[in-house]
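Reading the structure
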Amino acid sequence: MNIPELVQSQKNYFATQQTKDISFRKSALKRLQKELIAREKDIIKALHDDFKKPEYEAVMTETSIVLAELKMAIKNIHSWSKPQRVLPSLLNFPSSAKIYKEPYGTVLLIAPWNYPYQLAFAPLLGAIAAGNTVVLKPSELTPNTSKITKEIIEAVFDKNHVAVIEGGVDVSTELLAQRWDYIFFTGSVPVGKIVAKAAANHLTPVTLELGGKSPCIIDETANIKLAAKRLVWGKFINGGQTCIAPDYLLIHTSVKEQFIQQFKEEIFRAYGENPQNSPDFPRIVNTRNFDRLALMLENENCVIGGQTDRDDRYIAPTLIDEPSLDSEVMKGEIFGPIFPLISYENESDIEKVTAKYDKPLALYVFTNRNSFAKKMIQRFSFGGGTINDTTVHFANHRLPFGGVGESGIGAYHGKQTFDTFSHHKGVVSRGTWLDIPTRYAPYKGKLQQLKTLMKLG
């Protein structure tokens, strides 16, 4: 497929104004909804074939989320698209003021491999609902999901409206060389920087959904058994390959040994004596990522887990005790089933560790002290988080989801996905039946009148 020609054909299609019609958008979303429901079993199989994702996790973290977002968009697209009336300024009296939501135009979506279905279709449906044309680049690391994504899109859409382009780094590079009206990227921080640089060449607006080392803090008052249970789920779901998974644990020294024992018991309860035999524990996506993770285990004190099988791309749920902050496992985002544990004595110890890293995508606090939770939430800058649980803030479509600093730019979910792909255009409509002379020259004797109007708004 000739990429420059495709982009131009989509720009030409957008210029026809067809995608701005609300009925057209709604019809497209309904066709997509019907196809996704019909192909759900195929999607689940593709996810399993790519990295042994269990059916339960595929439904919970992928297909159900997309269908819920689709249902919401179809139901609300008319109200979301309607011009929003706001109070006019007294300076413009008589007037009215509205915010119009218009599509950007031709959008590039680059999806990741860790949730290859959900993180492709969730932003896609928002871009469609907002009235854009879209080129979607799925991840080449999950070829089965990428293939079915392409099949679904081609069954539902004209390629001038929505198209899928598969391929590796060379394809991504060529796509980023084109002039887009908006770019939405989900992936790693290093690649996010490449996307941002490419977008800057054309001053293209971007949303960057990235990651980072997301801390989890457990104080001495926390319910340790419940914390262990929820951390086993939040850390090891999707084989630890989740951008908002707790990356490392800061735990008060007085409850450290109790936590280690409870964490071990919860791993056994979830995945059995040998998690490699569990149908509920996914694999690392490819050998390159396996090797990267296996290197983190070298010369570390794995008090739980540590077993690996390269042929099976299996790494056991692992807890590393007191790694050096200069070790491989503490250098960057782990993105796997490895959990470093670092104990602390006081709050200044927490700050010494977190200060080594950029603003993370998430932060988690387990405590029975509201004052401590509030202090941690307000003290540190992060994308979003949860008190006394992990990752569940992602599930609330009323909350914006996105990073800050190196963990990302922009946010989406629910209505905010629609807003992300819409330019909010402010328009004032002036009345003609009265024209107050205050703003016109000559200005002599009008300054106090101006100041009064400015105060009143």
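First, a word on scope: everything that follows refers to the structure included in this document. (Residues numbered from 1 in each chain as written. Predicted model: local features only at pLDDT ≥ 70, side-chain atom pairs only at ≥ 80, totals over all residues. Heavy atoms only, no water.)

1. Here's the deal with the overall build of the protein chain
Across its full length, the protein chain holds 15 helices and 18 strands. In terms of overall size, the protein chain behaves like a compact globule, its C-alpha atoms giving a radius of gyration of 25 Å where 457 residues would be expected to give roughly 23 Å. C-alpha atoms of the protein chain, sized along the principal axes, occupy 80 × 55 × 35 Å. Put simply, the protein chain has 457 residues, and 52% of those count as buried. Look at the contacts in the protein chain between residues 6 or more apart in sequence, and 72% of them connect residues 24 or more apart. Summed over all atoms, the accessible surface of the protein chain reaches about 20,900 Å², with 53% contributed by carbon and sulfur. (Helix = DSSP H or I, 4+ residues; strand = E, 2+ residues; numbered from the N terminus. Rg over C-alpha atoms; globule rule 2.2 N^0.38 Å. Buried < 20%, exposed > 50% of the residue type's maximum accessible area, 1.4 Å probe, protein only. Contact = heavy atoms within 4.5 Å. Areas by Shrake-Rupley, 256 points an atom, 1.4 Å probe, with all protein chains shown as cover.)

2. Quick notes on the packing of helix H9 (residues 224–236) against helix H10 (residues 256–271)
The interhelical angle for the contact between H9 and H10, taken along N-to-C directions, is 50°, at an axis separation of 8 Å. Taken together, H9 and H10 sit at an angle that is classed as oblique. Of the two possible hands of crossing, H9 and H10 adopt the one that is right-handed. Contact residues: H9 offers Ile224, Lys225, Ala227, Ala228, Lys229, Leu231, Val232 and Phe236, while H10 offers Gln258, Phe259, Gln262, Phe263, Glu266, Ile267, Arg269, Ala270 and Tyr271. (Axes fitted to C-alpha atoms, helices over the stretch in contact; angles between N-to-C directions. Parallel < 35°, antiparallel > 145°, perpendicular 65-115°, else oblique. Left-handed = near helix turned anticlockwise from the far one by under 90°.)

3. As for the packing of helix H12 (residues 347–354) against helix H13 (residues 370–379)
In the contact formed by H12 and H13, the axes pass within 13 Å of each other and the chain directions differ by 30°. By the angle between their directions, the pair H12 and H13 is classed as roughly parallel. Relative to H13, the crossing made by H12 is right-handed. Contact with H12, carried on its side by Glu347, Ile350 and Glu351, involves Phe372, Lys375, Met376 and Arg379 of H13 and no other residues of that element. Of the residues in the contact of H12 with H13, the class split is three nonpolar, no polar and four charged. (Nonpolar A, V, L, I, M, F, W, Y, C, P; charged D, E, K, R; others polar.)

4. Observations regarding H12
Every buried residue of H12 is accounted for by Asp349, Ile350, Val353 and Thr354. Each buried residue of H12 lies within a common arc of 125° when the element is viewed along its axis, so the set occupies one face. (Arc of directions from axis to C-beta.)

5. Overview of the pairing of strand S16 (residues 384–387)
Residues Gly384 and Thr386 line the buried face of S16, whereas the alternating positions Gly385 and Ile387 sit on a face that is not buried. With four bridges connecting them, strand S15 (residues 362–366) and S16 associate as parallel partners. Looking at the pairing, valine 365 lines up with isoleucine 387 of S16. For the crossover that starts at S15, traverses H13 and ends in the parallel S16, the hand is right-handed. (Pairing = 2+ DSSP bridges. Right-handed = clockwise from strand over helix to strand, strands pointing away.)

6. Re helix H8 (residues 189–200)
For an α-helix the count is 3.6 residues per turn, leaving residues at separations of three or four pointing the same way. Here H8 contains twelve residues, and its C-alpha end-to-end distance of 16 Å stays within 8% of the 16 Å for a straight helix at 1.5 Å per residue. Residues of H8 that are buried include every one of Val189, Gly192, Val195, Ala198 and Ala199, and no others. Looking at the buried residues of H8, the elements they touch are helix H7 (169–176), strand S6 (182–186) and strand S7 (206–209). The opening residue of H8, the one whose side-chain oxygen lies 3.4 Å from the backbone nitrogen of valine 191, is serine 188. (Expected span 1.5 Å × (residues − 1). Polar contact = N/O pair within 3.5 Å; in protein donor to acceptor, adjacent residues only side chain to side chain.)

7. Considerations on the sheet that holds strand S13 (residues 318–321)
One open sheet holds the seven strands; their spatial order is S10-S13-S14-S9-S8-S15-S16, and the pairing between them is mixed. Among the strands making up the open sheet, the edge pair consists of strand S10 (302–304) and S16. This sheet shows a mean twist of 25° between the axes of neighbouring strands, independent of strand direction. Here four bridges tie S13 to strand S14 (residues 338–344), and the two strands are oriented parallel to one another. Bridged to isoleucine 320 within S14 is proline 340.

8. Quick word on the nonpolar core
Core analysis: the biggest nonpolar cluster contains 84 residues, and Leu36, Phe121, Ile218, Phe259 and Phe263 have the highest contact counts within it. Among the nonpolar cores identified, the runner-up in size contains 25 residues, and Ile217, Tyr357, Met376 and Phe382 belong to it. (Core = buried A, V, L, I, M, F, W, Y, C linked by side-chain atoms within 4.5 Å.)

9. Quick look at the state of the cysteines
Within this structure, the stated rule accounts for zero disulfides. Here cysteine 216 stays free of any disulfide, with the sulfur of cysteine 243 as its closest cysteine sulfur at 16 Å. Between cysteine 302, a cysteine without a disulfide, and cysteine 216, which holds the nearest cysteine sulfur, the sulfur-to-sulfur distance is 19 Å. (Disulfide = S-S within 2.5 Å.)

10. A short note on a nonpolar patch on the surface
A surface patch of nonpolar side chains, about 590 Å² in accessible area, is lined by Leu90, Phe93, Trp433, Leu434, Ile436 and Leu456. The residue leucine 456 is located in helix H15 (residues 447–456) in this model. On the basis of relative accessible area, leucine 456 is assigned to the exposed category, the value being 62%. (Patch = residues over 30% accessible without salt bridge, like charges linked within 9 Å, V, L, I, M, F, W, Y side chains within 5 Å. Salt bridge = Lys/Arg side-chain N within 4 Å of Asp/Glu carboxyl O.)

11. Side note on the pattern of salt bridges
Evaluation of the coordinates by the stated rule reveals 26 salt bridges. A salt bridge links arginine 39 to glutamate 35; the nearest nitrogen and oxygen atoms lie 3.9 Å apart. Given a relative accessible area of 18%, arginine 39 falls into the buried group. For lysine 415, the salt bridge is made with aspartate 419, and the minimal N-O distance between the two is 2.8 Å. Of this pair, lysine 415 and aspartate 419 both sit in helix H14 (residues 415–420), separated by four residues, roughly a single helical turn. In this structure, a network of salt bridges that share partners links the residues Glu35, Arg39, Asp42, Lys147 and Glu151.

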